[in-house]
Amino acid sequence: MAEKYSLPPNAESLCNSMRALGYSFQAAVADVIDNSIAAGATKIELISPPIKDPDTAYLAILDNGHGMNRQELIKAMQLACKNPSQKREDNDLGRFGLGLKTASLSQCRELIVISLKNGAINIASWDLDEIKREQDWTLLLLDKEETEFQQIISQLKKYSSGTAVIWRRFDRLRTDTGFFETAFREYLSLTAEHLSLVFHRFLEGETKIPRISMELNGTRIKPKDPFIKSSLSSVQNVPIYIRQGKKPDFKDSVVVKSHTLPEQSMLTESDKKKMGLSGRTLSEDQGFYIYRRGRLIHWGGWLGLRKMTQASKLCRV
Ligand SMILES: Nc1ncnc2c1ncn2[C@@H]1O[C@H](COP(=O)(O)OP(=O)(O)OP(=O)(O)O)[C@@H](O)[C@H]1O
Ligand SMILES: [Mg+2]
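Residues numbered from 1 in each chain as written. Chains lettered and ligands numbered in written order. Predicted model: local features only at pLDDT ≥ 70, side-chain atom pairs only at ≥ 80, totals over all residues. Heavy atoms only, no water.

In this structure, what is going on with the sheet that holds strand S3 (residues 110-117)? I would like to understand it.
Sheet strands pair by backbone hydrogen bonding; their relative direction is either parallel or antiparallel. Read from one edge to the other, the open sheet built from eight strands follows the order S5-S4-S3-S6-S2-S1-S7-S8, with strand pairing classed as mixed. The sheet is open, and its two borders are formed by strand S5 (140-142) and strand S8 (219-220), each paired with just one other strand. Relative to strand S6 (residues 162-168), strand S2 (residues 58-63) runs antiparallel, the two being bridged by six bridges. Residue pairing in the sheet places Tyr 58 in a bridge with Arg 168 of S6. (Pairing = 2+ DSSP bridges. Helix = DSSP H or I, 4+ residues; strand = E, 2+ residues; numbered from the N terminus.)

Sorry if this is basic, but what is going on with the site of ligand 1 here?
The environment of ligand 1 is made up of 18 residues, and the closest members are Lys 82, Arg 95, Leu 98, Gly 99 and Lys 101. Interatomic distance of 3.0 Å between a backbone N/O atom of Phe 96 and an oxygen atom of ligand 1. For ligand 1, whose accessible area on its own is 590 Å², the fraction buried by protein is 89%. The cavity that encloses ligand 1 is the second largest pocket. A total of three residues in the shell around ligand 1 trace back to one element, the largest contributor, which is helix H4 (residues 99-105). Residue classes in the shell around ligand 1 are distributed as seven nonpolar, six polar and five charged. (Near = heavy atom within 4 Å. Polar contact = N/O pair within 3.5 Å; in protein donor to acceptor, adjacent residues only side chain to side chain. Areas by Shrake-Rupley, 256 points an atom, 1.4 Å probe, with all protein chains shown as cover. 1 Å grid on protein atoms, 1.4 Å probe; cavity = no way out; pocket = protein on both sides within 12 Å on 5 of 7 lines; lining within 4 Å. Sits in = over half its atoms within 2 Å of the grid points. Nonpolar A, V, L, I, M, F, W, Y, C, P; charged D, E, K, R; others polar.)

Could you clarify how one ought to interpret unusual backbone geometry in this entry?
The bulk of non-glycine residues show a negative phi, and the bulk of peptide bonds are trans. Look at Gln 135: it is not a glycine, yet its phi comes out positive at around 50 degrees. By the secondary structure assignment, Gln 135 is in the loop between helix H5 (128-134) and S5. Despite not being glycine, Ile 228 shows a phi value in the positive range, around 30 degrees. Relative to the helices and strands, Ile 228 resides in the loop between S8 and strand S9 (235-236). Among the residues examined, Ile 228 registers a relative accessible area of 0% and is labelled buried. (Buried < 20%, exposed > 50% of the residue type's maximum accessible area, 1.4 Å probe, protein only.)

Can you walk me through the pattern of salt bridges in this structure?
Note on pairing: side chains with opposite charge can pair once their charged atoms come close. Within the structure shown, the criterion is met by 20 salt bridges. Of the charged contacts in the structure, one is a salt bridge between Asp 225 and Lys 229, with a shortest N-O distance of 3.3 Å. Classification of Asp 225 as buried rests on a relative accessible area of 7%. Residue Lys 229 is classed as partly exposed on the basis of its relative accessible area, which comes to 28%. Members of the salt-bridge network, linked through shared partners, are Arg 19, Arg 109, Glu 110, Asp 127, Asp 129, Glu 148, Arg 168, Arg 169 and Asp 171. (Salt bridge = Lys/Arg side-chain N within 4 Å of Asp/Glu carboxyl O.)

Below is the structure:
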């Protein structure tokens, strides 16, 4: 009879392999924000005080969602804590039970999560150096008094519940100029641009999508609308519903909607600002814009279905 042998993955090696998934800084922040949205947050704050020392600089992504108690927090920190086949709530943007850990640790060596629920603060942390020392999946559970992030705790307590995801020790950021602080600020400003596009429907508060406000160090992140719907000269066509499954109420439909932008010469300065597709031409941004539950997951290009042409440069689907 076969011998049963439990063979868990090597903690340090798997962590290092996971770090190579290819996240950009801004995409990693967006994945953490997906969780805030799933937790019903209406306010998301990115906080990062100016600190020149790369070892102590941090980014906190704080939300006023439903928060987690101790058991929920421990579970959330586990790799693959949920099954991809598990049915999710309508507003849940998650699927694999991985994003919080993989996105965070792709950028930094230390992930600290502080959560407030039912009046209690709970703190857990993955520290890659601790995993390396222990050669084991050693999660750290900290007392409130033990953490340096008292300011973040006070900020969290302004809400009745919520979660702060903190990244520290950014060993993966490219600092071409040699100045960490300059490079870090640049990453943060690219992140604000990225969020203003991928979450634009939440920031706009579109019908049936929860309105969410986001701030980077106290400055509001404004939505960017790739279709400049507010422009009088842009054209929106009637949506087509592609029904999935058998539900009669179109609940599981894929909605396809096409937009024609105004000619470039007709775009006002305000239109250009609202579109905000950083430095790319109108032509490069033609194509499919794919949303999952209101969150933009792919933008531009025709996914191999047709060529990018001058004639279709104003078209977005
Ligand atoms: N900000 C938050 N507020 C409340 N709960 C959270 C928050 N962040 C994470 N969680 C909990 O932790 C779980 C794990 O998050 P994680 O991002 O790792 O996986 P996921 O969102 O389930 O799936 P995916 O891998 O697709 O992101 C979530 O499903 C949620 O239950
Ligand atoms: Mg997630």
